[in-house]
Structures are given as structure tokens and as C-alpha cells.
Amino acid sequence: MTKPAPETPTEDGAALLDDVERFHRRFNVFPHEAAYVAVALWDAHAHLLDCFDSTPRIAFLSPEPGSGKSRALEVVETLVPRPMLAVNARAAALFRSVSDPAGRPTILYDEIDTVFGPKAGDNEELRGFLNAGHRRSGVTYRCIGDGGNQTVQEFPSYSAVAVAGLGSLPDTILTRSVIIRMRRRARNEKVEPFRARVHEQQGNALRDRLAAWAEAVRERVLGAWPEMPDGVTDRPADVWEPLLAVADAVGGDWPERAREACVTLVKAAQANDKGSLGVRLLTDLRDHVMVGIDRLPTVAILDRLNALDDAPWADLNGRPLDARRLSRMLGEYVTADGQPISSRNIKTGGSVLKGFYAEDLWDAWARYCPPPPASPLLPLPDGAETD
């Protein structure tokens, strides 16, 4: 039996995505051009979810209220398939919704800071759902039944998710997200007021056009391997692969714009990524405390760390970093010989103090820390001579 030829799109994909971008621009002020490109591509990718091995979360985050995060979700809601608004929704409700026989929803989670903010407490179940649902193979396991008749059942978790909230998110979610850092509008930044009774219909008309276009290009997108920009690998590549596949299917100037947006937003995410507290400790030791020093007593290390501006060490939950915690944090990493990093005796001024040696930290510095600040001169190898 001859396989039917792929359907030919009846609409110019590039022109359609231009219309989607213009619709966002009417109501949203994003921090840079790359954000408009990413959000429009994300809207389109939600209509092609089954074509991809993973789906990026899109996260509208800001340090203060009134920055347009919820409005961004409102506009996205009009453009994506089966939108499901989830404010304070629990994981159980979400994974059952994703398993709905009527169809997988696009989850729009506003006020996500109430779930993962500093006063929210533990929400590991929801975090696990959001992490698992990033992958097409992601499932959530639950016990079903009463008493001793319970059985383990798996629920699919794969779904497109957009979130909005104050502050930040757990690293496991951030690394699976395209991050749009929202700001309050400046006085000269004007937008059209969003009126649901009028503009929902306009957005839904675009949504229907996206759905028809997606159905026509589904075979083309399925199994596509878009070329990644230089330097975009590992998790960022997983995040951006579906969006670049959409851009390539759309055509026009979108493939080029998408890759420029990818590089811009990946670099911005990396610049804002401070890493774990342990990585911050290692990095501060390398770049600020033990520069040009092969060993240093613990008391001197603590003095230097606690004196650093824009560093957390002087106030860790109301107390400065002390010797016990420093030893415990460094002990989670190992030396080049595979031994936990630990303090050793240092002879100084006729006495012996406990401290740390740079040679014990080199391997952890190389493996976990970002590249060191650029130096105007490279160190000379041992035994080298200058003219």
C-alpha cells in the first residue's frame, strides 16, 4: 500500500508566525526581541507536541509584581491547544488532566512562586511532575485502589507547560525552561489593553490557524534534527531543539531569528545561573580567597569569605559561615585522588592551624566552576624562562 504524500500547508507558516508575534506585541512588553521570537515559537510547538522527544517549559519571571507575567499567560492561553489554567493546582490534578482521554492540555501555571517560593514549603511531588513531563517518555507512578488491593499505575506526564511567578524556580525546572525575565513597563512603553471578550476570539482564530498549519507540517517536523548554534549543547540543546524544528518548518527568516534568539536567551540564562551554594563556595575560593595562594588556614578563609560583598557567606539563615559548615560543604567534593576534600595541618608562625590546600581543590574547580575571569597574561609553565 502506498504511503499517502504529506499534506501541503495551505498557509504560509512564516506569515502565520509573524501574525502570532504581532498579536503578542499588542499586549506584551518583553525584555528583548529574542523573547518575542521564543514565545511565538513556543505557542506553535504546543500544537506539534507529539513530534518531539521533549518540550521546553517557558517561564515568565520577575522580581516584582506588575511586570506583565500574568498578561503574557493570558495571551498564550488564547493561542495554544486545550489551555488549562492552574493556580495552586496540585500534582495529582495535573497528572490526571494529562491522562484525560479527551486530550492532553497545555498547562498554564500562574503564581508559581506560591509553590516554589521561599515560604511555600516542600512541593516535591509537583516538582517531580514538571521535571518528568519535560520528556515524552515521562510518567508519574501512583498507587490505585484501597487497602491491600492497591496496584501501581503509571500516568503520562508529558505536556507543554508555561509558568509565571515572582523570583526564581528550582534549578531542575529552570534548566528545562526558556526563561523570559519580565520587567515593569517604562513610561514610554505602551501596550493595547487586553479585553477578553474581544481579544480571546482574535487569539483563538490564530490558534485555529496554527492547528491547521501544524497538522499539514507534522510529517515534516516528526524526526527532524535541527542544526544547533555553536556552543548550545546538552540541556540547552534539549530545550531549544523543538523550537528550532518549528522555525525550520516555518521558513522565511524564522530559522535565522530563532537561532539568534536561542543564543541570546541561553547566554542570558547562563549569566543568571549562580549554581548551587557549593559551586558558589568553590568559585569564590578560587577567584577571591585563594588567588595565588597554595594553602590558607580555615580562620583566614572564613574572614575573607565573610568579607566578600554580594556574597551569601556573612548571612546564611542569620548566621555567618563557620568552620564546621565550611568543612561539611567542601567534604561533599573530592580531590583528584577521589578522597573527600578535608582540612589539613598548616604550619604558620611557629604554630599549626587547620586549613585547606589549593591542590586539594583543583579537581573540583576544574569540574564544577565556570571559567575563571579572563587574565591578561597566562601563567608560565614550570621551568619556563622569559627573555
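These figures come from a predicted structure and were not determined experimentally. (Residues numbered from 1 in each chain as written. Predicted model: local features only at pLDDT ≥ 70, side-chain atom pairs only at ≥ 80, totals over all residues. Heavy atoms only, no water.)

Caption draft 1: Representation of the overall build of the protein. Of the regular secondary structure elements, the protein holds 14 helices and 10 strands. Within the protein, buried positions represent 43% of all 387 residues. Taking contacts inside the protein between residues at least 6 apart in sequence as the whole, the part at least 24 apart equals 69%. Put simply, the protein shows about 21,200 Å² of open surface, and 50% of that area lies on carbon and sulfur atoms. (Helix = DSSP H or I, 4+ residues; strand = E, 2+ residues; numbered from the N terminus. Buried < 20%, exposed > 50% of the residue type's maximum accessible area, 1.4 Å probe, protein only. Contact = heavy atoms within 4.5 Å. Areas by Shrake-Rupley, 256 points an atom, 1.4 Å probe, with all protein chains shown as cover.)

Caption draft 2: Here's a closer look at the packing of aromatic side chains. Tallying each qualifying case throughout the model produces six aromatic pairs. Aromatic side chains F30 and Y36 sit 4.8 Å apart centroid to centroid with 45° between the ring planes, which places their arrangement in the tilted category. Like Y36, F30 is buried. An angle of 85° between the planes, with centres 5.2 Å apart, marks the rings of W362 and W365 as edge-to-face. Note that W362 and W365 are positioned in helix α14 (residues 358-368) at a spacing of three residues, about one turn of the helix. Under the relative-accessibility criterion, W362 is labelled exposed at 54%. Here a set of aromatic residues connected by ring pairs shows up, and it is made of F23, F27 and F194. (Phe/Tyr/Trp six-rings, centres within 6.5 Å; stacked < 30°, edge-to-face > 60°.)

Caption draft 3: Looking closely at the nonpolar core. Of all hydrophobic cores here, the largest spans 62 residues; its most connected members are F60, I180 and W240. In this structure, I180 is in contact with F30, P31, A35, V39, I58, A59, F60, L61 and L265, ignoring residues within four places of it in sequence. (Core = buried A, V, L, I, M, F, W, Y, C linked by side-chain atoms within 4.5 Å.)

Caption draft 4: Quick peek at the pairing of strand β10 (residues 351-357). When strand β8 (residues 295-297) meets β10, the two strands line up antiparallel, connected through three bridges. Considered in β10, the bridge of P297 is made with G355. Two strands pair when backbone bridges link them, and strand β9 (residues 344-348) and β10 are joined in this way by five bridges, in the antiparallel orientation. What sits directly across from K347, in β10, is V352. (Pairing = 2+ DSSP bridges.)

Caption draft 5: Broad picture of the layout of surface pockets. Computed from the structure, the second largest pocket encloses a volume of approximately 390 Å³. What lines the second largest pocket is a set of 13 residues, among which R286, V291, G292, W362 and W365 lie closest to the centre. Going through the elements one at a time, α11 (277-289) and α14 are the ones with two or more residues in the lining of the second largest pocket. The biggest single contributor to the lining of the second largest pocket is α14, with four residues. (1 Å grid on protein atoms, 1.4 Å probe; cavity = no way out; pocket = protein on both sides within 12 Å on 5 of 7 lines; lining within 4 Å. Points joined across faces, edges and corners; volume = space filled by probe spheres on them.)

Caption draft 6: A look at the sheet that holds β8. Spatial ordering of the open sheet is given by β8-β10-β9, a layout of three strands whose pairing is antiparallel. Both outer strands of the open sheet, β8 and β9, are each paired with one neighbouring strand and no more. With strand direction ignored, the average angle separating the axes of adjacent strands in the sheet is 55°. Lying over the sheet, helix α12 (residues 298-306) contacts β8 and β10, oriented at roughly 85° with respect to β8. (Axes fitted to C-alpha atoms, helices over the stretch in contact; angles between N-to-C directions.)

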